[in-house]
Amino acid sequence: MSSPEVQNRPLSQPVPTRRMMLAATLLATAFAGGCLQPLYSENTTSTVGGSVRSALKSVEIPQIQGLTGHYLRNELAFELDGGGEPDVQKRLRFETKISESIEVVTVDYNTGRADSAVLIATATWTVKRIGGAGETVSSGTNVVRAPYERSSQRFATVRAARDAQIRAAKSLAQLIKGQLAADLVSG
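Residues numbered from 1 in each chain as written. Predicted model: local features only at pLDDT ≥ 70, side-chain atom pairs only at ≥ 80, totals over all residues. Heavy atoms only, no water.

(A) View of the nonpolar core. If you look at the biggest cluster of nonpolar residues, it comprises 32 residues, and the most contacted ones within it are Leu 72, Leu 76, Phe 94, Leu 180 and Leu 184. When contributions to this core are tallied by element, the ones reaching two or more residues are α3 (52–57), α4 (67–81), β2 (92–108), β3 (113–129), β4 (136–149) and α5 (154–184). At 10 residues, the largest contribution of residues to this core is made by α5. (Core = buried A, V, L, I, M, F, W, Y, C linked by side-chain atoms within 4.5 Å. Buried < 20%, exposed > 50% of the residue type's maximum accessible area, 1.4 Å probe, protein only. Helix = DSSP H or I, 4+ residues; strand = E, 2+ residues; numbered from the N terminus.)

Structure below.
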């Protein structure tokens, strides 16, 4: 909506500041729009050669110990390779150590049993070149928290804990993929 003062103002008065700010923002966006490039495009070059997408497909993911490690390996294989590509020659190797802990959040004071808990999964990982000196290309430590309800029914609690491990593995895989892709971008 416009006020009568703006509609009736003489042409010699300056243009309102809000319009100038909007115009400047649109102009800056138009110029900066050509500078941005998608992280996972075929044109984004990686530090190990080729595109970031092809570099992610060339990561070898060995078996990881533990149930969360098993799910993390499967999620990473899908996140990095897409799950449907033919085998690509592996140039990088993923190594990780996973630790888990459980934090009790609430306790039923009548029974003394925990009502809910939080699974805290920590993955400390590195990605190294295969062969040669084994140069580290990327590394990191990621921590995720996956809450779950505990029940007086033992198997329900076991299943809820397993679901928390699966959710934690999916979250870790997404975090690792993002950090690895960002580290692989050259220049």
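From this point, things continue past the structure.
(B) Spatial organisation of the side chain of Ser 58. With respect to the helices and strands, the residue Ser 58 is situated in the loop between α3 and β1 (59–60). Those residues in contact with Ser 58 that sit more than four places away from it in its chain are Val 88, Gln 89, Lys 90, Arg 91 and Leu 92. (Contact = heavy atoms within 4.5 Å.)

(C) Representation of the pairing of β4. Pairing between β3 and β4: 13 bridges, direction antiparallel. Opposite Ala 117, over in β4, you have Tyr 148 as the bridge partner. Hairpin connection of β3 to β4: 6 residues between the antiparallel strands, including Gly 131 at a positive phi of 80°. (Pairing = 2+ DSSP bridges.)

(D) Here's a closer look at the environment of Arg 93. The topology assignment puts Arg 93 in strand β2. Residue classification places Arg 93 among the partly exposed residues on the basis of a relative accessible area of 30%. Distance in space between the C-alpha atoms of Arg 93 and Pro 62 is 8.0 Å, their sequence separation being 31 residues. Beyond its immediate sequence surroundings of up to four residues, Arg 93 is in contact with Glu 60, Pro 62, Thr 126, Val 127, Lys 128 and Ile 130.

(E) Up close: the pattern of salt bridges. Per the counting criterion, the structure on display carries 6 salt bridges. Arg 129 is the partner of Glu 135 in a salt bridge, and the nearest nitrogen-oxygen pair spans 2.9 Å. Judged by relative accessible area, Arg 129 falls into the partly exposed class, the value being 30%. We note a salt bridge from Arg 159 to Asp 163, for which the minimum N-O separation is 2.8 Å. (Salt bridge = Lys/Arg side-chain N within 4 Å of Asp/Glu carboxyl O.)

(F) Seen up close, the sheet that holds β2. Here we have 4 strands laid out as an open sheet, ordered β1-β2-β3-β4, and mixed in their pairing. At either end of the open sheet lies a strand with only one pairing partner, and these are β1 and β4. Pairing of β1 with β2 involves 2 bridges; the strand directions are parallel. Directly across from Val 59, in β2, lies its bridge partner Leu 92. Sitting on the sheet, α4 touches β1 and β2, and the angle it makes with β2 is about 125°. (Axes fitted to C-alpha atoms, helices over the stretch in contact; angles between N-to-C directions.)

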